[in-house]
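Commentary on secondary and tertiary structure
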Amino acid sequence: MTDRIVVDTNVLIVANRNNEQADSECELACIETLVGATKGEQVVLLDASGLIMDEYSRHCSYSGAPGVGDVFFKFLHDFQWSKESGFCQVSIQETPDEEGGFTNLPSNSFPRNARKFLAVAKDGDGRVVNAVDSHWSEHADFIESLGVRVIELCPQCLK
């Protein structure tokens with residue numbers, strides 16, 4: 001079975017070499033993960049409502065340059081609806097509830113702007129890929145209680 005992943009935006013940012021807390025080992029891990037995903041080594045999960053792509057668009061270029069994060073973003077943008085793309089669209093429902101944020105998440109103190117990745121991973125039976133955001137490890141018990149696992153690419157760089 002192919003691994004199913006949801007990629008946190010910080011992975012794209014690090015792959016673009018735009019994060020000061022990431023070391024060269026971390027940058028390489030992010031680059032390799034994104035390149036592997038574009039080659040179909042994993043199924044990339046996105047939300048059908050476009051929340052993840054909207055966030056990516058605030059940090060990456062539609063031109064696909066100059067960094068690997070930009071290349072990955074352009075690839076997703078261009079092929080996200082293609083049946084042969086290796087992507088899977090997951091339907092999640094956002095709520096105005098500040099305590100949960102999505103219908104498939106219970107009340108929680110997880111950062112609201114990262115809940116979309118968690119909601120997609122939960123309903124898409126995927127793992128979250130993280131580079132440098134510490135909230136994934138700080139909320140590990142809550143995340144695990146949802147049946148979601150996190151791939152920490154750069155544990156040495158977490159703040």
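Note that the coordinates shown come from a computational prediction; the quantities given were computed from them, not determined experimentally.

This part takes up the sheet that holds strand 5 (residues 150-152). Sheets are built from strands paired through backbone hydrogen bonds, the pairs being either parallel or antiparallel. The five strands are arranged 3-2-1-4-5 in an open sheet whose pairing can be described as parallel. This sheet does not close on itself; its edge strands, each paired only once, are strand 3 (87-90) and strand 5. Here the average twist between neighbouring strands, direction ignored, is 35°. Its contacts with the sheet put helix 5 (residues 115-124) on strand 1 (3-7), strand 2 (42-47), strand 3 and strand 4 (127-130), and the angle it makes with strand 1 is roughly 165°.

Okay, the packing of aromatic side chains next. As enumerated under the stated definition, the model contains four aromatic pairs in all. A centroid spacing of 5.5 Å and a plane angle of 70° characterise the contact between F75 and F87, whose relative ring orientation is edge-to-face. Of this pair, F75 sits in helix 4 (residues 68-79) while F87 sits in strand 3, and the two are twelve residues apart along the sequence. You can call F75 partly exposed: its relative accessible area is 21%. Residue F87 is classed as buried on the basis of its relative accessible area, which comes to 13%. One aromatic cluster in this structure is built from F75, F79 and F87.

Linking two cysteines covalently through their sulfur atoms gives a disulfide. Enumeration according to the criterion identifies one disulfide in this entry. With its sulfur 2.0 Å from that of its partner, C26 forms a disulfide with C154. On the sign convention where negative means left-handed, the S-S torsion of about 90° between C26 and C154 marks this disulfide as right-handed. On the criterion of sequence distance, the pair formed by C26 in helix 2 (residues 24-38) and C154 in the segment after strand 5 is long-range, its members being 128 residues apart. A residue is classified by how much of its surface remains accessible, and C26, at 0% relative accessible area, is buried. Under the relative-accessibility criterion, C154 is labelled buried at 0%. Sulfur of C60: no disulfide; nearest cysteine sulfur belongs to C30 and is 12 Å away.

Definitions and cut-offs
Residues numbered from 1 in each chain as written. Predicted model: local features only at pLDDT ≥ 70, side-chain atom pairs only at ≥ 80, totals over all residues. Heavy atoms only, no water. Pairing = 2+ DSSP bridges. Helix = DSSP H or I, 4+ residues; strand = E, 2+ residues; numbered from the N terminus. Axes fitted to C-alpha atoms, helices over the stretch in contact; angles between N-to-C directions. Contact = heavy atoms within 4.5 Å. Phe/Tyr/Trp six-rings, centres within 6.5 Å; stacked < 30°, edge-to-face > 60°. Buried < 20%, exposed > 50% of the residue type's maximum accessible area, 1.4 Å probe, protein only. Disulfide = S-S within 2.5 Å.

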